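# Architecture at a glance
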Amino acid sequence: MIDLHCHTLHSDGTDTPEALALLGEASGLTALCLTDHDTLGGIPAFLAMQPRVKARLLVGIELSCQFLGRSLHVLGLLVDPADIQFQARLVELRGRRDARNRGMIARLGELGYPITYEDVQAHSETPLLSRVHFAQALASRGFVRRAPEAFEHLIGDDCPGFVPREELSPTEAAHWIREAGGVPVIAHPGRFGGPGFRWDEAMADLQKLGLEGLEGYYGEYRAAEQRYFLALAGRLGMIVTGGSDYHGAHKPGLRLGHGRGGLQVPDELLDRLETQQRLGAYH
Ligand code: AMP
Ligand code: MN
Ligand code: MN
Ligand code: MN
């Protein structure tokens with residue numbers, strides 16, 4: 001069993017990279033790929049666990065792009081963490097995130113929920129600030145009773161305190177990941193567009209734009225969703241990956257490798273991913 005999608009406190013999870021690697025081992029995984037949002041900050045500490053942890057520790061990232069007017073998440077699996085151009089591109093992305101964060105602080109102030117940058121920073125152990133840290137800051141200031149409530153009224157995608165950031169196009173995301181030696185894969189397509197969304201045409205469009213795979217196994221899919229996406233990938237000739245999207249305490253009840261209980265990502269998917277990485281290599 002493997003898990004190719006999870007987070008640490010370098011983005012919006014709560015585990016250290018070291019703890020995550022140990023948890024991967026304890027969960028019986030043979031491979032674990034760290035995919036923090038917009039940063040490779042946790043990768044050196046994660047990879048340093050390698051001889052100690054027998055499970056293969058792999059490098060990835062999760063980027064956001066704009067598709068059909070909504071945010072679509074893309075995993076860059078097996079990217080090269082030493083790629084200087086990719087590192088510079090991530091610095092630029094984090095700059096856009098920071099500008100968005102400052103915009104959200106201003107917007108929340110206008111709405112009558114004054115919090116400071118320092119309030120938000122106080123809830124993150126690393127420089128990257130995410131909306132989960134906003135939610136905690138709003139709770140500790142007493143503007144909501146519990147952090148998840150902040151997403152319902154204030155900072156969820158359709159809420160008045162949310163400020164979107166300048167996002168990549170799917171083409172750019174795929175290109176950046178490929179140039180960094182990785183494979184671009186659509187993360188949790190089942191979470192995009194809602195239950196009634198018909199993926200067939202949209203997925204074929206994304207494939208033309210350079211997205212090579214999709215997450216067919218996911219920590220929060222229902223059985224029918226998994227069947228649908230595995231069949232769709234088969235029809236289109238896209239590769240399938242899978243992971244829990246583990247965030248530690250920020251997603252209570254969701255376990256690394258196991259998701260909400262029924263997740264089992266087969267080892268063979270990693271062989272196929274590595275073949276795809278070599279097939280599509282630019283150089
Ligand atoms: P950001 O990348 O800063 O825009 O924050 C996005 C993160 O906030 C996601 O990766 C989730 O961890 C979290 N998030 C977004 N929407 C919700 C929601 N409705 N409920 C709980 N957490 C959410
Ligand atoms: Mn997240
Ligand atoms: Mn995501
Ligand atoms: Mn994720």
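What counts and what doesn't
Residues numbered from 1 in each chain as written. Chains lettered and ligands numbered in written order. Predicted model: local features only at pLDDT ≥ 70, side-chain atom pairs only at ≥ 80, totals over all residues. Heavy atoms only, no water. Donors = N, O, S within 2.8 Å, 3.2 Å for Na, K, Ca; no water. Helix = DSSP H or I, 4+ residues; strand = E, 2+ residues; numbered from the N terminus. Buried < 20%, exposed > 50% of the residue type's maximum accessible area, 1.4 Å probe, protein only. Domains from an automatic or database assignment. Buried area = accessible area lost by both parts, 1.4 Å probe. Salt bridge = Lys/Arg side-chain N within 4 Å of Asp/Glu carboxyl O. Polar contact = N/O pair within 3.5 Å; in protein donor to acceptor, adjacent residues only side chain to side chain. Nonpolar A, V, L, I, M, F, W, Y, C, P; charged D, E, K, R; others polar. Pairing = 2+ DSSP bridges. Near = heavy atom within 4 Å. Areas by Shrake-Rupley, 256 points an atom, 1.4 Å probe, with all protein chains shown as cover.

Another point: the coordination of the manganese ion (ligand 3). Around the manganese ion (ligand 3), the donor atoms from the protein are Glu62 (OE), His73 (ND1) and His188 (NE2), and they sit 2.1 to 2.2 Å away. Look at where the donors of the manganese ion (ligand 3) fall in the sequence and you get E-x10-H-x114-H. If you look at the manganese ion (ligand 3) and the manganese ion (ligand 2), they sit 5.4 Å from each other. With Glu62 in strand β3 (residues 56-67) and His188 in the loop between β5 (183-186) and α8 (199-208), this residue pair connects regions lying 126 residues apart in the sequence. Assessed through its relative accessible area of 1%, Glu62 is described here as buried. Judged by relative accessible area, which is 5%, His188 ranks as buried.

Take the domain arrangement of the protein next. Under the domain assignment used here, the protein contains domain 1 (2-82 + 175-281) and domain 2 (91-155). Just the C-alpha atoms count here: the centres of domain 1 and domain 2 sit 26 Å apart. Of the roughly 950 Å² buried at the junction of domain 1 and domain 2 (both faces included), carbon and sulfur atoms supply 58%. The largest contributions to the domain 1 side of the interface with domain 2 come from Leu9, Asp38 and His250, which together make up 48% of the buried area. Counting the contacts that link domain 1 with domain 2 gives 1 salt bridge. Taking the shortest distance from any N to any O, the salt bridge between Asp38 and Arg97 comes out at 3.2 Å. Counting every contact that joins domain 1 to domain 2 gives 4 residue pairs in polar contact (both at pLDDT 80 or more). Residue classes in the side of domain 1 that touches domain 2 are distributed as 3 nonpolar, 5 polar and 2 charged.

Quick look at the sheet that holds β3 now. Strand order in the open sheet formed by 7 strands is β1-β2-β3-β4-β5-β6-β7, and the pairing between neighbours is mixed. Each edge of the sheet is formed by a strand with only one pairing partner; in this case those strands are β1 (2-3) and β7 (239-243). As judged from the 5 bridges shared by strand β6 (residues 213-218) and β7, these two strands associate in the parallel manner. Pairing of Tyr217 across the sheet is with Gly242, part of β7.

Throughout the structure, instances matching the rule amount to 18 salt bridges. Close ionic contact of Glu274 with Arg56 constitutes a salt bridge, the shortest N to O distance being 2.8 Å. Of this pair, Glu274 sits in helix α10 (residues 268-279) while Arg56 sits in strand β3; the two residues are 218 residues apart in sequence, bridging distant segments of the chain. Note on Glu274: relative accessible area 18%, which makes it buried. When its relative accessible area of 37% is taken as the criterion, Arg56 is described as partly exposed. Sharing partners across several salt bridges, the network here consists of Arg191, Glu220, Asp245, Lys251 and Arg260.

What follows deals with the site of ligand 1. In the neighbourhood of ligand 1, the contacting residues comprise Asp12, His37, Arg97, Arg100, Ser130, Arg131, Val132, Phe151 and His247. Interatomic distance of 2.7 Å between a side-chain N/O atom of Arg100 and an oxygen atom of ligand 1. In this structure, Arg131 approaches ligand 1 through a side-chain N or O atom, which is 2.8 Å from an oxygen atom. Calculation on ligand 1 without its partners gives an accessible area of 500 Å², and the protein chains cover 69% of this total. At the level of elements, α3 (84-110) and α5 (131-140) are the ones that each hand at least two residues to the shell around ligand 1. Residues that form the shell around ligand 1 fall into these classes: 2 nonpolar, 3 polar and 4 charged.

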